Amino acid sequence: MRTSAFFLSTLKEAPNEAELVSHKLMLRAGLISRLGSGLYSWMPLGLRVLRKIEQIVREEMNRAGALELFLPAVQPAELWQESGRWDRFGPQMLKIKDRHERDFCFGPTHEEVITDIARREIRSYRQLPVHFYQIQTKFRDEIRPRFGVMRAREFIMKDGYSFHADFASLEREYRNMFETYSRIFDRLELEYRAVAADTGAIGGTGSHEFHVLADSGEDVIAYGVDSDYAANVELAEALAPATARAPASQPMSRVATPGQHNIEEVSAFLKLPAKRIVKTLMVVTGDGREVFILLRGDHMLNAVKADRKFLLNEGFRFATEVEVRARLGADPGSIGPVGNHGLLVLADRAVMAMNDFACGANETDYHLTGVNFGRDLPEPAETADLRDVVEGDPSPDGKGVLGICRGIEVGHIFQLRTKYSEALGATFLDEAGQSRPMEMGCYGIGVSRIVAAAIEQNHDERGIVWPMPIAPFEIAIAPVGYRKSPEVKALADRLHQELAAAGIDVLLDDRDERPGVMFADLELIGIPHRITIGERGLRQGQVEYVSRRTGTTQMVEADGVTAFAKALVR
RNA sequence: CGGGGUGUGACGCAGCCUGGUAGCGUGCCUGCUUUGGGAGCAGGAUGUCGGAGGUUCGAAUCCUCUCACCCCGACCA
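Procedures and definitions
- Each chain carries its own residue numbering, running from 1 in the direction its sequence is written.
- Think of it this way: whatever chain is written first is A, whatever ligand is written first is 1, and the rest follow in order.
- With pLDDT at 70 or above as the cut-off, local features in this predicted model cover only qualifying residues; side-chain atom pairs require 80 or more to be listed or tallied, and sums for whole chains, interfaces and linings still use all residues.
- Where side-chain values are given, they derive from all heavy atoms of the structure, hydrogens and water being excluded.
- Starting at the N terminus, helices and strands are each numbered in turn, a helix being any DSSP run of H or I of at least four residues and a strand any DSSP run of E of at least two.
- Accessible area is worked out with a 1.4 Å probe on protein chains only. A residue is then buried under 20% of its type maximum, exposed over 50%, and partly exposed in between.
- Only heavy atoms matter for contacts: two residues are in contact if any of them lie within 4.5 Å across the pair.
- Between 30 and 60 degrees the pair is tilted, below 30 it is stacked and above 60 it is edge-to-face, where a pair is any two Phe, Tyr or Trp rings, Trp via its six-membered ring, whose centres lie within 6.5 Å.
- As a reminder, the over-ring test applies to NZ of lysine and CZ of arginine, requiring each to be within 6 Å of the ring centre and within 35 degrees of the ring normal.
- Angles shown run from 0 to 180 degrees and are taken between the N-to-C directions of axes, each axis being a line fitted to C-alpha atoms and, for helices, limited to the stretch in contact.
- Roughly parallel refers to an angle under 35 degrees, roughly antiparallel to one over 145, roughly perpendicular to one between 65 and 115, and oblique to any angle outside these ranges.
- For this scheme, ten residues count as nonpolar: Ala, Val, Leu, Ile, Met, Phe, Trp, Tyr, Cys and Pro. Four count as charged, namely Asp, Glu, Lys and Arg, and the remainder, Gly too, count as polar.
- Two strands are counted as paired when DSSP detects at least two bridges linking them.
- Here a residue is near a molecule or strand as soon as one of its heavy atoms is found within 4 Å of it.
- Whenever two N or O atoms come within 3.5 Å, that pair is a polar contact, provided that in protein one can donate a hydrogen and the other can accept it, and provided that, for residues adjacent in sequence, both atoms are side-chain atoms.

Participant: Would you mind showing me how to read the side chain of histidine 23 here?
Facilitator: Relative to the helices and strands, histidine 23 is located in helix 1 (residues 21-28). Exposure remark for histidine 23: the relative accessible area of 3% places this residue in the buried category. Filtering out sequence-adjacent residues up to four positions away, histidine 23 remains in contact with Glu17, Ala18, Tyr40, Phe147 and Gly148.

Participant: Explain the packing of aromatic side chains to me, please; I cannot follow it from the model alone.
Facilitator: Aromatic rings considered in pairs are described by the distance between their centres and by the relative angle of their planes. For the structure shown, the criterion picks out 11 aromatic pairs. Consider the rings of phenylalanine 106 and phenylalanine 139, whose centres lie 6.2 Å apart with planes at 65°: the pair is edge-to-face. Highlighted residues: phenylalanine 106 in strand 6 (residues 103-106) and phenylalanine 139 in strand 7 (residues 130-139), separated in sequence by 33 residues. Residue phenylalanine 106 is classed as buried on the basis of its relative accessible area of 18%. Residue classification places phenylalanine 139 among the buried residues on the basis of a relative accessible area of 8%. The rings of Phe178, Tyr181, Phe185, Tyr192 and Phe210 are connected pair by pair, giving a single aromatic cluster. Taking NZ or CZ as reference, lysine 95 lies 4.5 Å from the ring centre of tryptophan 86, over its face.

Participant: Is there a simple way to think about the packing of helix 1 against helix 11 (residues 447-457) in this case?
Facilitator: Where helix 1 meets helix 11, the axes come as close as 8 Å, and the angle between the chain directions of the two elements is 105°. Put simply, helix 1 runs roughly perpendicular to helix 11. Contacts between helix 1 and helix 11 pair Val21, Ser22, Leu25 and Met26 from the former with Val451, Ala452, Ile455 and Glu456 from the latter. Its residues assigned to classes, the contact of helix 1 with helix 11 shows six nonpolar, one polar and one charged.

Participant: How do you make sense of the environment of arginine 514 when you look at a structure like this?
Facilitator: Among the structural elements, arginine 514 can be located in the loop between strand 28 (506-508) and helix 13 (515-524). Along the primary structure arginine 514 and cysteine 405 are separated by 109 residues, whereas in three dimensions their C-alpha atoms are 42 Å apart.

Participant: Looking at this model, I keep getting lost on the pairing of strand 18 (residues 357-360). Mind explaining?
Facilitator: Each regular strand shows side chains that alternate between the opposite faces of the sheet. Sheet topology places strand 18 next to strand 19 (residues 366-371); three bridges connect them, and they run antiparallel. When the bridges of strand 19 are listed, glycine 360 appears paired with histidine 367. Between strand 18 and strand 19, which pair antiparallel in sequence order, lie five residues; one of them, asparagine 362, sits at a positive phi of approximately 60°.

Participant: Quick question: what am I supposed to make of the sheet that holds strand 5 (residues 94-97) here?
Facilitator: Sheet strands pair via backbone hydrogen bonds, and the direction of the pair is either parallel or antiparallel. Read across the open sheet, the three strands follow the order 4-6-5; overall the sheet is antiparallel. For this open sheet the edge positions go to strand 4 (74-76) and strand 5, each flanked by a neighbour on one side alone. The mean inter-strand angle of the sheet, taken between neighbouring strand axes irrespective of direction, is 40°. As judged from the four bridges shared by strand 5 and strand 6, these two strands associate in the antiparallel manner. The residue of strand 6 that forms the bridge with lysine 95 is cysteine 105.

Participant: I'm lost on the protein's contact with RNA strand B in this one. Help?
Facilitator: Taken together, the neighbourhood of RNA strand B is formed by 42 residues, with Arg144, Met300, Glu523, Arg536 and Glu544 sitting nearest. Each atom of RNA strand B within 4 Å of the protein belongs either to a base or to sugar and phosphate, the latter forming 54%. Within the side chain of glutamate 13, an N or O atom sits 3.1 Å from a base nitrogen of RNA strand B. Asparagine 262 is positioned such that a nitrogen or oxygen atom in its backbone is 3.4 Å from a sugar or linking oxygen of RNA strand B. Counting residues per element, the ones that place at least two in the surface near RNA strand B are strand 14 (278-285), helix 9 (321-328), helix 13, strand 29 (529-533) and helix 14 (535-538). Ranked by residue count, the leading element in the surface near RNA strand B is helix 13, at seven residues.

Written out as structure tokens, the structure reads:
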């Protein structure tokens, strides 16, 4: 490809709508163009990247035995009413009406449609298992679209759905997909982790998210520093402390802590590390009971875990300041579990190992120090894992400690079991002639999001640094003086022709721009390899090679440059 | 949804407070010179100042409404 025949539209300055580095670079490099909030046009350069990702996904899905099909983007309401999700999916679903005032939605996902196909097409266990997938545009009316294609409303997703006669078969396919996804992200050359995930509202027994690791990621992941363990931080278990509680060694005393309201302030004021302070949270359960939750000062409440604890009472909320004062007669910053407060006390397991700790005195601007369970207050009524894990916690798999990092979710695999097949009546006849609902799995990959995630992970101050498998062009040829020097032009043209003939994605910058302009553009758009051809080097019979990622340069014999360039790509 | 902010040429911005009919940098077009890291000179094109209404002799500027976009927000304890 020649730049004169292509369409490059680079910007020196990023439009101010962009916050995230990948978003800025995608706009500056001309990969995408914004049409509306959460709506992006894919420009030719960006589309080349998108297509390469799609192709890798497609190849690996096919290799894994899944069958590609293509489902309608617009779906009738009836199907969603049947599954019960028409109302429950919420405002994320874009609902539309046709000319007959019939309800449709622009598909946010395709479980209903695929299950409808399965119930029409599959009658016998002999047809199972089967796995259908598609690469489709979805629309989810996000509360707050942001970060460009990272959290867009319209986006491209690979979604696959498998159907099985029994759970064992589903589990096999689940493992198959786990491996397939790993292969896909390996091939994309992204740094990623498969993390155990909460199955959430979708239900089912097993679920893994695949995260591209990046500091800007929206999700927080706990991973084993010395093992394969990885889990969403909401899900990672904080193990009970291994050491027993030390005996009390200090008397309990009441100290004035004027104006010190949060753990940080109290810690600094009392010159006591946060891990020696008990954080007391007053919450109200769904059935109206007020409860104390105790956490170590340096720990954070995990709402998912606490919610599970209160499940029978339909969740919980934090008590308001008014409620706290009415109940305890103290400001929220000075409350604690000691005294005749009458509240149920629920403690995180880490708290159980604490002795001689500090906590609020239930008197505004006062705290207690040297507090001990058993002596100064009763043991908590209940203990549980209620906190987020932190860096350095023991890994739940017993191997070493946990690290914390951020990730961008680019893939998710679920064991759906029979949730949809039952709702929609997707049944089959087993060997015994019995009608049974099919076991289902579902497997998604955020194709368009991967473009942004790849950039988050691969960029520098000059621009994008594409991993080779998804680079829009693999090699750039930058001729200096293309229009002036016949020798330069001749070699550039020949190299371009020979590489293109070899099936290499090569971009010849024939714009006759100044070198600085060419170099800056080629670096911004992130082409992995650049060969610069100029009169200067040609006099020595040489051209210059530069690696985008490492920046290392190398002089190459002009005669052998085609072979050299081919070797780079292979 | 709540809070905050911004809309002025393709991109980044100034002008608004204190009304007088729009400016800067980059980019774009033409010509000449230049050509190994975002060139120089000369000439040039491009703006319903987000939209509607109002105040005024006069509105980018003041007022009202509206639309779009961006950012922040779900543990002070």
